[in-house]
Amino acid sequence: MPQPAADPGLPAPTRRAALPRRAFLALGGSTALAAALAACTPGGPGASGSPAITPTPNPSGWVPPGEPMAFPRGYVWGAATSAYQVEGSTAVDGRGPSVWDTFAARYGTVKHGDTGEPAADQYRRYPEDIVLMSDLGLGAYRFSVAWPRIQPTGSGPANPAGLDHYRKLVDALVDAGIRPMITLFHWDLPQALQDVGGWTTRDTAARFADYAAILFDALGDVEADWMTVNEPKTHAFVGHWYGGHAPGLRDPDLAAAAVHHQLLAHGLATEAFRASGAAGRIGIGLNLLPAYSIDPANTRGAERVDASENRLFLDPVLLGSYPDDALGQAPGQLPADPTAFAALALPGDLEVISAPMDFLAIQYYGITGVDTVGNVVPIAPTSDASWQQVRAEGLYDLLIRLRDDYPAIPIVITENGIPDETSAVTVDDPYRVEFLRTHFQQAARAIGDGVPLEGHYVWSLLDNFEWAEGYDQRWGIVAVDFETQERTAKRSAGFFSDVIAANAVPPA
Ligand code: FCB
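Residues numbered from 1 in each chain as written. Predicted model: local features only at pLDDT ≥ 70, side-chain atom pairs only at ≥ 80, totals over all residues. Heavy atoms only, no water.

### Some remarks on the packing of helix α14 (residues 392-405) against helix α15 (residues 430-448)
Each pair of packed helices can be described by the angle between their axes along with the distance between the axes. The test is simple: Interaxial angles span 0 to 180 degrees and are taken between N-to-C directions of axes, which are lines fitted to C-alpha atoms, for helices over the stretch in contact. Secondary structure counts use DSSP, requiring at least four H or I residues in a row for a helix and at least two E residues in a row for a strand, with both numbered from the N terminus. When describing relative orientation, an angle under 35 degrees is termed roughly parallel and one over 145 degrees roughly antiparallel, while 65 to 115 degrees is termed roughly perpendicular and anything else oblique. Handedness of each helix crossing follows the sense of rotation of the near helix against the far helix: counterclockwise by less than a right angle gives left-handed, clockwise gives right-handed. Whether two residues touch is decided by their heavy atoms; if any such pair falls within 4.5 Å, the residues are in contact. Each residue gets one label: Ala, Val, Leu, Ile, Met, Phe, Trp, Tyr, Cys and Pro are nonpolar, Asp, Glu, Lys and Arg are charged, and the others, such as Gly, are polar.
Where α14 meets α15, the closest approach of the two axes is 8 Å, and the angle between their N-to-C directions is 25°. On the basis of their axis angle, the class for α14 and α15 is roughly parallel. Viewed along their axes, α14 and α15 form a crossing whose handedness is right-handed. Only Thr 438, His 439, Gln 442, Ala 443, Arg 445 and Ala 446 of α15 make contact with α14, whose side of the interface consists of Ala 392, Glu 393, Leu 395, Tyr 396 and Leu 399. Of the residues belonging to the contact of α14 with α15, the class tally is six nonpolar, three polar and two charged.

Listed below in structure tokens is the structure:
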């Protein structure tokens, strides 16, 4: 896997730009893109030849200091997971089926036919995992609640066994001095709701608010952070447009509807949170993608990519309006009908969606280049996840952009990580140490430049079920042997633990 240090020479990032993820090779049938990407993939045709763009290290000229970079007192260090990816036990205690159970059971959707069983068996092993977290010194743990454990068919009364499980998990975390961050929706919609349209229908947003209210009532006494929706973009685009994730649809207009209804769900849940008087704080988790035009003199293509990847989510939540260039038929846009999309937003919706949040959660994996037409192009080394162009400085650029373009709000990085270079159990992951070190440095740099960044969660605590990649792609700082469920800390876990203990990131 290429090291993040090998950065391309880039013009300053455009404020208006970005890249589809995961299934993006399939996007738009772009052979040129596929070939260019292959050239950037380790072992691909261009691996030892000339890359698409000549990389020059260190585009901005910023050099990390030779001594440790300290973080503010109280900075939150955490690790993240999600229910379907780690829990297993998908058919116990009254849990209903989710869209991911249905999708993974379909032939050809997930590598090797893998499913959410056994995952990392955390439904049963959470006490052991909390000991692990304590050993690492984590201040916070981000997990998600499986909606179909709480409401097996997506509506109606709560399932006591489901609530009981999360009550025990939360209590055990609090007892261990670890702050829970509770994600309400991380893509595992109850199948019964999908059967009546899922996120393509408005009613699902109302169902979500009911579900959220059940949890605020059950767990609202806990000083926790709540994330309403995890990456609405990925669920809408990959699940409803590219067909690479559950529910496996391939229709940009349905994807656009899934965008609006997830954002509405976020707003309604935020209102329900305030009404409940629950302790703690609430926000949304957006995966953002700095996009850089490969031609500084022409950024129009990059602006469209930025619109569909970033502003389509940031603007409604933070400004109460949708951008006017995110949808359309030009390359880089979500190719849905803008008029039909506008008609989905009923009077008052944008006020609900922009209900004040306590923090903005951002998830950062990398950047994209964009040509003048609006096609995404590789300009940085990719990891073993083909959609991930690694560039630590992109995190700094993104944080500065949020500082400059949006109203001030506390920011938390709730996912940041890189997969192993092998699908085998490994504990030797120098590339992950390098990834974390360089990204922590850019976070510290941004804090020094006035960004109100309050915490940093690594994706992921454990190797787990990586969606369409199944168990082949390992993102944990702790290795999991899925045969035995044995956990072993990787080298990166030791590095992270030292960072947490020092509340500072050391130089290389
Ligand atoms: C994020 C998802 C998370 C995991 C990482 C690698 O987009 O939120 O579940 O798949 O990517």
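### Topic: the pattern of salt bridges
Just so we agree on the cut-off: A side-chain nitrogen of Lys or Arg and a carboxyl oxygen of Asp or Glu constitute a salt bridge if their distance falls within 4 Å. Think of it in three bands: residues with accessible area under 20% of the maximum for their type are buried, residues over 50% are exposed, and the middle band is partly exposed, with areas taken using a 1.4 Å probe on protein chains only.
Applying the stated criterion across every chain, the model contains 35 salt bridges. Here Arg 432 and Asp 429 are joined by a salt bridge, their closest N and O atoms 2.8 Å apart. Judged by relative accessible area, Arg 432 falls into the buried class, the value being 1%. In this structure Asp 429 comes out as buried when scored by relative accessible area, which is 0%. Overlapping salt bridges, with partners in common, bring together Asp 420, Asp 429, Arg 432, Asp 463, Arg 474 and Lys 490 in one network.

### Points about unusual backbone geometry
The step from Glu 117 to Pro 118 runs through a cis peptide bond, and the omega angle for that step is 0°. Structurally, Pro 118 can be placed in the loop between α3 (99-105) and α4 (122-136). The omega angle of the peptide bond from Trp 459 to Ser 460 is 10°, so this bond is cis rather than trans. Among the structural elements, Ser 460 can be located in the loop between β12 (453-459) and β13 (478-481). Positioned with a positive phi, Asp 121 is a non-glycine residue whose angle comes to about 55°. Phi at Gln 485 takes a positive value of approximately 65°, unusual for a residue other than glycine. Inspection of the secondary structure assignment puts Gln 485 in the loop between β13 and β14 (486-489).

### Section: the pairing of β12
Note the cut-off: When DSSP finds two or more bridges between two strands, those strands count as paired. We call a crossover right-handed when, viewed with the strands running away from us, the connection from the first strand over the helix to the second turns clockwise.
Extensive coverage of β12 is indicated by the burial of six of its seven residues. Bridge count for strand β2 (residues 76-80) against β12 is five bridges, and the pairing is parallel. Residue Ala 79 lies in a different strand from β12, and its bridge partner there is Val 458. With three bridges joining them, strand β11 (residues 411-415) and β12 adopt parallel strand pairing. Within the sheet, the bridge partner assigned to Ile 413 lies in β12 and is His 456. In terms of handedness, the path from β11 via α15 over to β12 forms a crossover that is right-handed.

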